[in-house]
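Chain residues, written in single-letter form:
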Amino acid sequence: MPVFLTRRVALCASHRLHAPGLSDEENLKIYGKCNNPNGHGHNYVVKVTVCGDLDPITGMVMNAVDLKNYMKNAVMDTMDHKCIDKDIEYFRTKPSTAENIAVYIWEQLKPHMKKEKCSLYKVQLFETENVEVEYMGP
């Protein structure tokens, strides 16, 4: 029977919602005040859940310290105190919506998870206390 392990981190980052394929007028109409040319910031919370069988010897799905380190490398080091649109290449061609940020985090974590017996199950991104995105990848 699978067991789920979730780890949480909090980070601060700024962004501007702006789709490169749309005109300035279209972007403003779709994203409103979040399209401010100077951007705006969030205190994001990221939860990463892995799923797998318990190791019969260690009693763990995976070592939570390893997951912490993967999240530091994949999330904190690349996103914390950054301007998402300007500092992260991935977002040069895509709008930095909460949905796209969750996908980005998943893609950053996937290579780390190849070392583990468990699987990446879910990325949750809380942009505000009222806006949450869940991504469960391919």
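Position numbers for residues count from 1 along each chain, tracking the sequence in the order it is written. Local features in this predicted model are restricted to residues whose pLDDT is 70 or higher, and side-chain atom pairs enter the listing and the counts only when it is 80 or higher, whereas totals over whole chains, interfaces and linings include all residues. Calculation of side-chain values draws on the structure's entire complement of heavy atoms; hydrogens and water are dropped beforehand.

The chain has the name 6-pyruvoyl tetrahydrobiopterin synthase in an unreviewed UniProt entry, where Ciona savignyi is given as its organism. Its UniProt record gives the chain a comment under Sequence similarities (unreviewed entry), which states: "Belongs to the PTPS family." UniProt positions are given in the numbering used here, feature names are shortened, and annotations may be inferred rather than shown by experiment.

Draft legend 1. Just the overall build of the chain, in detail. For the purposes of this entry, the term helix denotes a DSSP run of H or I that reaches at least four residues, the term strand denotes a run of E that reaches at least two, and both are numbered from the N terminus. Regarding its fold elements, the chain presents four helices and five strands. Ordering the α and β elements of the chain from the N terminus gives β-α-β-α-β-α-α-β-β. With the C-alpha coordinates of the chain rotated into their principal frame, the extents come out at 60 × 25 × 25 Å. The buried share among the 138 residues of the chain stands at 41%. A 1.4 Å probe rolled over the protein chains alone gives each residue an accessible area, and that area as a share of the maximum for its type sets the label: buried under 20%, exposed over 50%, partly exposed in between.

Draft legend 2. Molecular detail of the state of the cysteines. Criterion for a disulfide: a pair of cysteine sulfur atoms within 2.5 Å. Taken as a whole and judged by the stated rule, the model has zero disulfides. Sulfur of Cys 34: no disulfide; nearest cysteine sulfur belongs to Cys 83 and is 14 Å away.

Draft legend 3. Representation of helix α2 (residues 64-79) in the model. Given a helix with a known number of residues, its expected span is that number minus one, times 1.5 Å. Taking 1.5 Å per residue as the helical rise, α2 with its 16 residues ought to reach 22 Å, and the 21 Å between its terminal C-alpha atoms agrees with that figure. The bend reported for a residue corresponds to the angle between axes fitted to the seven residues ending at that residue and the seven starting there. Roughly 40° is the biggest bend found in α2, and it falls at Lys 72. Among the residues of α2, those classed as buried are Leu 67, Tyr 70, Met 71, Ala 74, Val 75, Met 76 and Met 79. In this analysis, two residues are considered to be in contact whenever any of their non-hydrogen atoms come within 4.5 Å of each other. Elements in contact with the buried residues of α2: β1 (3-15), β2 (40-52), β3 (82-83), α3 (84-87) and α4 (98-113). The opening residue of α2, the one whose side-chain oxygen lies 2.8 Å from the backbone nitrogen of Val 65, is Asn 63. His 81 sits one or two residues past α2 and shows a positive phi near 60°. Residues adjacent in sequence count toward polar contacts only when both atoms are side-chain atoms; beyond that, a polar contact is any pair of N or O atoms within 3.5 Å, and within protein one must be able to donate a hydrogen and the other to accept it.

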